[in-house]
Every structure is written in structure tokens, then in C-alpha cells.
Amino acid sequence: MQDNLIKFGELSCVLKVKASLGECPRWDPSAGVLWWVDILGAELHRFDPRTGEDLVIPVPEHIGCFSQTDDGGFIAAMRSGIWLLDAQGSPTRMLCSNPENTHTSRFNDGRCDGAGRFWAGTIDEPKAGGTAALYRYDENGLHSIDGGFLTSNGLAFSPDNRWLYHADTPRFTIYRRPFDVTTGAVGPREPWLVLQPTELDRGRPDGAAVDAQGYYWSALYEGGRIIRVAPDGVIVETYPLPARCPTMCAFGGTDLRTLYVTTARHGRPEDELRAMPESGGLFAMRVTVPGLPEPHYMQRGSSAAAAQFSPGDKAC
């Protein structure tokens, strides 16, 4: 049983794979498995912690993030746009195209809010023009929420749905903004936590998750650690792991008290990979405070979804 290998308060590798850019872990409580992606490997993974089996599903292009749908499939933000996938990971329908230049932009981090809307940001791959943006997709189409980013990342919502969090990774900044779950409207962003890089520590905020107490867990890429941040923006806990580039956190297990962390190895120096051979693997530890259930995408045209959205909000 792989579950028995997971320790309390100490991140250890539970799946020794060499993902180029592991990301977007998502716990599936109905199946008791963790879904995750290798963005650059163009793969969707299904990890069963009871057996240690990791099923690899190839997808046609880079896949940045996804959420499950109620019919057992997925909504996925990919390089070309936002797609519906079936339960086997095969694309069935494009919902909207990427409004940016797909030669230099792809969708990156995202998730659903409590009303089933899908949020996803993009990445300005050359890190040159600050052309990345944050978007929301709902039954009225794709909405541009904010722009001027280098890498839109770290999207999460507070348990009371009062705040939306997101990060611009290369700028070492996590933002928050007021959020209305009824309409999907957001207020102006404000810097919530600005990390101070040093010559030896370039840890910057990548993917994230929020626990039941409203604390924000952030994976610090090139920082080799996970931080837990209080609602007032103060770092209260730090957890190192033997991989330089953690990418995202997710809560799983039957009680949502297992923290899973994906990592990356793409572009890392050979001496680093020799010293940290588990880079690219999946890590986990037990925690005291549980996470929150991950909302599913409310499919377009359903009466439940339509009742949640503001009819005056126009798509871009």
C-alpha cells in the first residue's frame, strides 16, 4: 500500500517518474486517485496511491491545467485553447481558442470556482512582453479578466469565496482580489505576498491550493520548498523537499489531509539532477488541516450553471 509510505509533515517521493514539467494535481474522490499532467510531455496521468500505479494518457498538445466534469470527463486548458476531453482524455470539442499567439503562448495554471466556472491563465513563454493574461470561461464564452503578466499562476479561492488568489511567477508576487462567486466578478488586484529573491534562492510562487482554514499553500519553483501562508499574507510554515522545482500542491486522500506536490526537471542543470534524482517525481505528506473539495466544471447549457452566471457579463 503506497498510502503507508506517506509521512506526517515530511514530503517524500511517492511516484518516481521523470516528468518534464509536472503540474495540476487534482484529487478525484469518487475513484480515490490523483490526476495530474506533464505539460511539456503532453500527458495526462492517473495515479492510484493504493497501488502506486500511474496510468499515462497521451494528449495531442501541451496541457496546462484541467478540471473534472460531472460526466467523468475533463475541461482542459491547452496550447491551442480550452477543450472538453472525454473520460479517456481524448479531445471531443474545442470550447474556445487561445486568443494569444500560440507560438509564444499557451494556457497554464487554472481551476474551477465554486459555481463551476473555469479559470485559466496563460504564460508569455519568451518572458519578454508581459502578454500573459488571466481568463474566465463560462456559458457566455471566454472573458479576459486581467493582463500584463509574464506567467499567470497560483490560482485559488478562499473557503468563503471572498478572495481570488493568483500569482505572476517571474515577478515573485502573489496577488489577491475581491471575488463574487454568484456573478464571477472580481475587484482590483493587490499585491498580497511579494517574495524577495537572493542570489542563492530564486524561489518564486508557482501553483497553489487553499486549505479549509483559508491558508494558501504555494510551491516555490527553484526554491525547493512549499510554504503555507496565513490569510494576512504571512508565511507561517515551510516544508522542504528534495527537488529544486516544485510546481503545484493539491489536497487528497479520503480525508483531504494528504498534500501532493508535483515537480519539474526540464532545463535543470545536470549536477542538480544528480544531487536531486527524484526531480520530476510526485511527492506527498500528511497534514493536520484538510484541503477543500475541488469543484467540477458546470457544462455549458446546464440549468444549474446558467442560474449562477450574470447575464450582463459579455464575453470578450
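Computed from a predicted model, the values in this text were never measured in an experiment.

**Some words on the overall build of the protein chain**
Here is step 1: A tally of helices and strands in the protein chain yields 2 helices and 24 strands.
Here is step 2: Its C-alpha atoms give the protein chain a radius of gyration of 18 Å, within 12% of the compact-globule value 20 Å for 316 residues.
Here is step 3: For the protein chain, the proportion of its 316 residues judged to be buried stands at 57%.
Here is step 4: Counting every atom, the protein chain has about 12,500 Å² of accessible surface; 51% of that belongs to carbon and sulfur.
Here is step 5: Averaging the locations of the 30 positively and 39 negatively charged side chains of the protein chain gives two centres separated by 2 Å.

**What to know about the side chain of Asp38**
Here is step 1: Checked against the element boundaries, Asp38 lands in strand β3 (residues 33–38).
Here is step 2: Buried Asp38, no salt bridge; nearest opposite-charge side chain is Arg265, N-O distance 8.9 Å.
Here is step 3: Reaching out from Asp38, the side chain makes a polar contact with the backbone nitrogen of Ser20 at a distance of 3.0 Å.

**Concerning the pairing of strand β8 (residues 81–85)**
Here is step 1: Most of β8 is tucked away, with 4 of its 5 residues classed as buried.
Here is step 2: Looking at chain direction, strand β7 (residues 74–78) and β8 are connected through 4 bridges and run antiparallel. Within the sheet, the bridge partner assigned to Ile75 lies in β8 and is Leu84.
Here is step 3: The turn linking β7 back onto β8 is made up of 2 residues.
Here is step 4: Bridge count between β8 and strand β9 (residues 91–97): 5 bridges; the pairing is antiparallel. Looking at β9, one finds that Leu84 is bridged to Arg93.
Here is step 5: What sits between β8 and β9 in their antiparallel hairpin is a turn of 5 residues, with Gly89 showing a positive phi close to 85 degrees.

**A short note on the UniProt feature "domain: SMP-30/Gluconolactonase/LRE-like region" (unreviewed entry) in the protein chain**
Here is step 1: Per the UniProt annotation, the sites labelled "domain: SMP-30/Gluconolactonase/LRE-like region" (unreviewed entry) are residues 21–265.
Here is step 2: With 0% helix and 56% strand, the stretch residues 21–265 has end C-alpha atoms that lie 7 Å from each other.

**A word on the sheet that holds strand β10 (residues 105–112)**
Here is step 1: If you walk across this open sheet you meet the 4 strands as β10-β11-β12-β13, and the pairing is antiparallel. Of all the strands in the sheet, just β10 and β13 (141–149) have a single pairing partner and so form its edges. Going across the sheet, the axis of each strand differs from the next one's by a mean of 25 degrees, ignoring polarity.

**What about the sheet that holds strand β14 (residues 152–157)?**
Here is step 1: Taken together, 4 strands build an open sheet; the order of strands is β14-β15-β16-β17 and the sheet is antiparallel. The open sheet has two edge strands with one neighbour each: β14 and β17 (190–194). Adjacent strand axes in the sheet meet at a mean angle of 25 degrees when their direction is disregarded.

**As for unusual backbone geometry**
Here is step 1: Of note, the phi angle at Lys127 is positive, near 55 degrees, even though the residue is not glycine.
Here is step 2: On the basis of relative accessible area, Lys127 is assigned to the partly exposed category, the value being 37%.
Here is step 3: With a phi angle near 65 degrees, Glu222 is a residue other than glycine that sits in the positive phi range.
Here is step 4: By the element assignment, Glu222 lies in the loop between β19 (216–221) and β20 (225–229).

**Concerning the pairing of strand β23 (residues 258–263)**
Here is step 1: Most of β23 is tucked away: 6 of the 6 residues are buried.
Here is step 2: Pairing analysis gives 6 bridges linking strand β22 (residues 246–252) to β23, with the strands arranged antiparallel. The residue bridging Ala250 from the neighbouring strand is Tyr260, located in β23.
Here is step 3: Connecting β22 to the next strand, β23, in antiparallel fashion are 5 residues, including Gly253 with a positive phi near 85 degrees.
Here is step 4: Note: β23 against strand β24 (residues 282–286), 5 bridges, orientation antiparallel. Within β24, the residue paired with Thr262 across the bridge is Leu282.

The rules behind each value
- Residues numbered from 1 in each chain as written.
- Predicted model: local features only at pLDDT ≥ 70, side-chain atom pairs only at ≥ 80, totals over all residues.
- Heavy atoms only, no water.
- Helix = DSSP H or I, 4+ residues; strand = E, 2+ residues; numbered from the N terminus.
- Rg over C-alpha atoms; globule rule 2.2 N^0.38 Å.
- Buried < 20%, exposed > 50% of the residue type's maximum accessible area, 1.4 Å probe, protein only.
- Areas by Shrake-Rupley, 256 points an atom, 1.4 Å probe, with all protein chains shown as cover.
- Lys, Arg positive; Asp, Glu negative; His and termini not counted.
- Charge placed at Lys NZ, Arg CZ, Asp CG, Glu CD.
- Salt bridge = Lys/Arg side-chain N within 4 Å of Asp/Glu carboxyl O.
- Polar contact = N/O pair within 3.5 Å; in protein donor to acceptor, adjacent residues only side chain to side chain.
- Pairing = 2+ DSSP bridges.
- UniProt positions renumbered as here; feature names shortened; annotations may be inferred.
- Axes fitted to C-alpha atoms, helices over the stretch in contact; angles between N-to-C directions.

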